[in-house]
Each structure stands twice: as C-alpha cells, then as structure tokens.
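What follows is the residue order along each chain.
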Amino acid sequence: MLTAIIDYESGNLHSAEKAFQKMAAETGAGAVRVTDDPEVVAAADRIVLPGDGAFPACAEALRASGCFEAMVEAVERKGRPFLGICVGMQLMARVGHEYRETPGLGWIDGEVALIAPADKALKVPHMGWNDLVIDRPHPVLEGIATGDHAYFVHSYQMRLSDPAQRVAHVDYAGDVTAIVGRDNMLGLQFHPEKSAAAGLRMIANFLNWRP
C-alpha cells in the first residue's frame, strides 16, 4: 500500500509527511511518499493533495507539475481515496475567486470566496484553533466529535451549492465550511498535521479508509 503526497511546490510538506508517516507506521497502512512523479501518483493506493498559497497559483502549479492528469485518473477513474488539505481542499471546488476566476477540479459543487465574517472585529485570515461542528458522519471522522479542535490558516472558504457535500463546519461569526466530501473524495480546510490528537486520528482514519 502506498500513499502519495503530491509535491507541486505549494508549500513546506515536511510536517505533513512526518505526520502521515507516523500514523501509517502505527496503523500498518503501508508506505508514505512525497512525490512529483506522475507515475507514482497514478499507481498510488491513496492520494493526498496539500496546498498553501493562492488558489490561482496552486491550480496552475498543479496542472504544470505533470501530476494533474495522473491524480485525476487515479481518483476519478480508479476510485482511489483522495484527501485535499487547505488549498488542496479548495481546488476540489468548481471555481475559485481569489484574485481572478480560476477553474478547480469540479469534484465538489462549490465556489471558493473570501471569508466575510458578520462580526467585523474578527480578522481575516481565519487563523488558529477552532471547534469542529460535525454535520454528518464520515468514516474519516470516526472517534472525532463536535467540539474537537482543528488548526486553521486561511482567508478564503468554500461556499457549497450542495449542502449534502458538507461534512463539518466551524463558527467564525457565521458558518465556515471545514470538511467536504463525496464518494472517495474528502477535503479538510484545516491542517490535520497541526491539529494535535484529533488531526492525527483523522490521518489514521484516512489511511485505512476504504470507500
């Protein structure tokens, strides 16, 4: 079993790599590899798409990396489990509106737009710990409950057209989508590798998820 973490130069992957390797070793989930090799991505049993930065730059870098087509082939056609993290989750949407309109993967029926808290005293970016509110059960959330903490760093959020695709949210002077998913695809707006025990539990659950 191989979990591929796609490297498309979208940020420092060291902490994510270490967290996934730790939980893979603890749960017997096989190898974890950070890679920019399309052949490795195409052959992987699970795929993780991280991301830090602006939606347009990340979308362009992913498409230029050579891994885009391999990832789509593995996830859409082969049904491999997929996890998007932070901007990696946002790229699952139909379109992003950061700086300019940019098409996403279209895996989730939503758009990515600037967070606009009703309370103007709240700062953007949304940064720090927040309590998850679970909207519906999901295997990757086994052992996770409403009130568990996750660590967020983002200025843009996914606004869903299909509420059934929202798995969890947080309150930041209004609902902010925290987890989205359908079929073999899941996205986390927060960083599980920085979210202490709850984040590590979600990583372990993903590594053993069989959609």
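Residues numbered from 1 in each chain as written. Predicted model: local features only at pLDDT ≥ 70, side-chain atom pairs only at ≥ 80, totals over all residues. Heavy atoms only, no water.

1. Points about the UniProt feature "domain: Glutamine amidotransferase" (unreviewed entry) in the protein
Let me state the cut-off plainly: UniProt positions are given in the numbering used here, feature names are shortened, and annotations may be inferred rather than shown by experiment. In this text, helices come from DSSP runs of H or I with a minimum length of four residues, and strands from runs of E with a minimum of two, each type numbered from the N-terminal end.
Those residues carrying the UniProt feature "domain: Glutamine amidotransferase" (unreviewed entry) are residues 5-207 in this numbering. With 28% helix and 30% strand, residues 5-207 has its two end C-alpha atoms placed 12 Å apart.

2. What to know about the UniProt feature "active site" (unreviewed entry) in the protein
For clarity, the cut-off: Partly exposed describes any residue whose relative accessible area lies between the buried limit of under 20% and the exposed limit of over 50%, with all areas from a 1.4 Å probe on protein chains only and scaled to the type maximum. Contacts were defined at the residue level, with two residues in contact if any of their heavy atoms lie within 4.5 Å. N or O atoms within 3.5 Å of each other form a polar contact, as long as, within protein, one can give a hydrogen and the other can take it, and as long as residues adjacent in sequence are counted only when both atoms are side-chain atoms.
In the numbering used here, UniProt assigns the feature "active site" (unreviewed entry) to Cys 86, His 191 and Glu 193. A maximum C-alpha distance of 11.2 Å is found for the annotated residues, which run over 108 residues; spatially they form one tight group. Turning to its location among the elements, Cys 86 is positioned in the loop between strand 4 (82-85) and helix 5 (87-90). Under the relative-accessibility criterion, Cys 86 is labelled buried at 3%. The contact partners of Cys 86, leaving out residues within four places of it in the chain, are Gly 51, Asp 52, Val 153, Leu 188, Gln 189, Phe 190 and His 191. Not counting chain neighbours up to four residues away, the residues in contact with His 191 comprise Asp 52, Ile 85, Cys 86 and Tyr 151. A polar contact is formed between the side chain of His 191 and the side chain of Glu 193, at a distance of 2.9 Å.

3. Here's the deal with the sheet that holds strand 6 (residues 102-103)
Where we set the bar: Strand pairing requires that DSSP identify at least two bridges connecting the strands.
Overall, mixed pairing links the four strands, which are arranged 6-5-7-11 in an open sheet. Each of the sheet's edge strands pairs with one partner strand only, and the pair in question is strand 6 and strand 11 (156-160). Judged from the two bridges that link them, strand 5 (residues 95-96) and strand 7 (residues 110-114) form a sheet pairing that is parallel. When the bridges of strand 7 are listed, Gly 96 appears paired with Val 112.

4. Section: the environment of Leu 122
Among the secondary structure elements, Leu 122 is positioned in the loop between strand 7 and strand 8 (126-131). Taking the relative accessible area as the measure of exposure, Leu 122 reaches 29% and is therefore partly exposed. Taking the C-alpha atoms as reference points, Leu 122 and Tyr 172, separated by 50 residues in sequence, lie 7.8 Å from one another. Those residues in contact with Leu 122 that sit more than four places away from it in its chain are Pro 117, Tyr 172 and Ala 173.

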